[in-house]
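Reading the structure
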Amino acid sequence: MKKISNVFWITLVLVVLAVSYGAFAPESFENVTNNMKDFITSSFGWYYLLVVTGIVLFTLYFIVSPMGQITLGKPDEKPEYSRMSWFSMLFSAGMGIGLVFWGAAEPLSHFAINPATANPETDAAFIESMRYTFFHWGIHAWAIYAVVAMALAYFQFRKGEPGLISSTLKPLFGDRMNGPLGTLINVLAAFATVVGVATTLGFGAIQINGGLAYLFNLPISFPVQIVIIVVVTILFVASAWSGIGKGIKYLSNINMVLAVILLVLVIVLGPTLLIFNTFTDSIGSYVQNLPRMSFRAAPLNDSNRAWINDWTIFYWAWWISWAPFVGIFIARVSRGRTIREFLVGVLLLPTVLSFFWFSVFGATAMDVQMKGIDLSGLKTEETLFAVFNEMPLSMLLSIVAIILIAIFFITSADSATFVLGMQTTYGSLNPSNIVKLTWGIAQAAVATILLSANGLTALQNALIIAALPFSFVIILMMISFYKALNKERIEMGLMVRPYSKKKK
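A few words on helix α12 (residues 272-295). When the terminal C-alpha atoms of α12 are compared, their 34 Å separation across 24 residues agrees well with the 34 Å that a helix rising 1.5 Å per residue should span. The sharpest bend along α12 reaches about 60° and sits at asparagine 289, with the proline proline 291 one to four residues further on. Burial in α12 covers these residues: Ile275, Thr278, Phe279, Ser282, Ser285, Tyr286, Met293 and Ser294.

The structure is reproduced here in structure tokens:
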């Protein structure tokens, strides 16, 4: 069995304490997390906006920089996976359940329930709803994943360091990363991973419950969601047991096929012309307003500020809390690619696909709303299935969606158990099955406790709280990565400025 590190035991104790607190004092747990979330969003919202925008600029720089030709691996190393399998795995791990959960619900909310600035159900609200949905799921989200994954892949596969967050900080802190300071960094990353993934499992359980309620009249209730979590936990642990080259890879490829089938069906059966016009127009609106949205803090308008806290700050925290998990996983499957190819694949392609996904499901949901069928009073997890209910082949669409959510659930969770295994066994590329089983059960337990403590609200609170400390680690990773890469650039003679013969 792979040697288990102190990070495993410390993180496991923290998870057990959090689960016990939530189980035995749920009201107190909810109040404490609410107060912490309110403090963070009111005091650090500006900080999240600046940090995430800085990450975007940092990653875009390396696409055009000469340093982009450096390989995330040894100089002549070839990628381990085909482009299609690679893209399928990073997309399934990185967005998965979230796209299906929010695909119709978020644009509808910004349009008909609580627009950012416009009046509900107006043309302005329609345009604004898509623009902000693109903003939340676009380049900012993937830049957070990319910067963590890029640093990890570089230090692990090119420099031969263990696949740990602490290893990426050695250019700044040296051998201190092998001691208590490194342990602290890795515990922060592992705990953020558990909370981030458990939150997404909670979203998945809620939406599967919503779909089953629509199809088979099952009640939307906590006991049903527990059963769903237990069943899916057994499935994803079995998948993780089979290893990354089998279970995760095959399920990710299946997922991409199912996602494309669902997408095509909705395009054909839904408002086809509106979908394509919305996609085209919203890209222009997004690009035009990107700088303003990136820094929008609304300091003089309390209602607008509350909207930013509930949506933008929540999403930035969600992506940050997922960054150690998705970053380590993407790094693991990206060995042998150049930095430029890696960033185009991780940063730009998923962004465009996410935009198209939301255009299809968002425009369809808003079209149903504009035709006089009120969806605004539904629970978030029911929205997608209510939209399908107004379309031809509604039962088929709902069944495909539930299967897609379930497989996204499994791929996200088994990827996370693999990553947590890496983080807690000194960066082993093949952590033991016992370790993966332990983290699979831990994630399910945290998801169950968060669901019991006021469902979605508790899930969102936990994300925002877990993300704050790890955001500081990401800043240090960026500084450390640039320092190491710039040193290698000089050694390799890669020029940032035009070559001058006079300086030869």
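Moving on to the packing of helix α1 (residues 6-24) against helix α2 (residues 26-64). Their axes nearest at 5 Å, the elements α1 and α2 cross at an angle of 115°. Between α1 and α2, the contacting residues are Ala18, Tyr21, Gly22, Ala23 and Phe24 on the first element and Pro26, Ser28, Phe29 and Val32 on the second.

What follows deals with unusual backbone geometry. If you check the backbone angles, glutamate 121 has positive phi at about 60° while not being a glycine. Following the sequence through the fold, glutamate 121 ends up in the loop between α5 (105-113) and α6 (123-137). Classification of glutamate 121 as partly exposed rests on a relative accessible area of 42%. In this structure, leucine 393 takes a positive phi of about 55° despite not being glycine. Structurally, leucine 393 is set in the loop between α15 (383-389) and α16 (394-423). Accessibility expressed as a relative area gives 48% for leucine 393, which makes it partly exposed.

With that settled, the discussion passes to the pattern of salt bridges. Overall, the coordinates contain 9 salt bridges when judged by the stated rule. Across the pair glutamate 77 and arginine 335 runs a salt bridge, and its minimum N-O distance is 2.5 Å. Placement of glutamate 77 in the loop between α2 and α3 (83-94) and of arginine 335 in the loop between α13 (302-333) and α14 (339-370) is noted, with a sequence separation of 258 residues between them. Ionic pairing is found between lysine 371 and aspartate 367, a salt bridge with its closest N-O pair at 3.2 Å.

It is worth spelling out the packing of aromatic side chains at this point. The full count for this structure, using the stated rule, is 41 aromatic pairs. Seen in terms of ring centroids, tyrosine 61 and phenylalanine 62 are 5.2 Å apart; in terms of plane orientation they differ by 70°. Their pairing is edge-to-face. Among the residues examined, phenylalanine 62 registers a relative accessible area of 0% and is labelled buried. One cation-aromatic arrangement involves arginine 337 over tryptophan 86; the distance from NZ or CZ to the ring centre is 4.2 Å.

A cluster of nonpolar side chains, contributed by Leu57, Leu60, Val344, Leu348 and Leu349, occupies part of the molecular surface with about 390 Å² of accessible area. At the level of elements, α2 and α14 are the ones that each hand at least two residues to the nonpolar patch. At 3 residues, α14 tops the list of elements feeding residues into the nonpolar patch. Here leucine 348 shows up in helix α14. By relative accessible area, which is 33% here, leucine 348 ends up partly exposed.

The next subject is the packing of α16 against helix α17 (residues 433-452). In a pair of packed helices, the angle between the axes and the distance between the axes together describe the arrangement. Relative to each other, α16 and α17 sit at 125°, their axes nearing to 8 Å. Classified by the interaxial angle, the pair formed by α16 and α17 is oblique. Considering the relative orientation of α16 and α17, their crossing is right-handed. Every residue of α17 that contacts α16 at Ala413, Ala416, Thr417, Phe418, Leu420 and Gly421 is listed here: Val435, Lys436, Trp439, Gly440 and Gln443. For the contact of α16 with α17, the residue count by class is 6 nonpolar, 4 polar and 1 charged.

Rules used in this analysis
- Residues numbered from 1 in each chain as written.
- Predicted model: local features only at pLDDT ≥ 70, side-chain atom pairs only at ≥ 80, totals over all residues.
- Heavy atoms only, no water.
- Helix = DSSP H or I, 4+ residues; strand = E, 2+ residues; numbered from the N terminus.
- Expected span 1.5 Å × (residues − 1).
- Bend = angle between axes of the 7 residues up to and from the residue.
- Buried < 20%, exposed > 50% of the residue type's maximum accessible area, 1.4 Å probe, protein only.
- Axes fitted to C-alpha atoms, helices over the stretch in contact; angles between N-to-C directions.
- Contact = heavy atoms within 4.5 Å.
- Salt bridge = Lys/Arg side-chain N within 4 Å of Asp/Glu carboxyl O.
- Phe/Tyr/Trp six-rings, centres within 6.5 Å; stacked < 30°, edge-to-face > 60°.
- Lys NZ or Arg CZ within 6 Å of the ring centre and 35° of its normal.
- Patch = residues over 30% accessible without salt bridge, like charges linked within 9 Å, V, L, I, M, F, W, Y side chains within 5 Å.
- Areas by Shrake-Rupley, 256 points an atom, 1.4 Å probe, with all protein chains shown as cover.
- Parallel < 35°, antiparallel > 145°, perpendicular 65-115°, else oblique.
- Left-handed = near helix turned anticlockwise from the far one by under 90°.
- Nonpolar A, V, L, I, M, F, W, Y, C, P; charged D, E, K, R; others polar.

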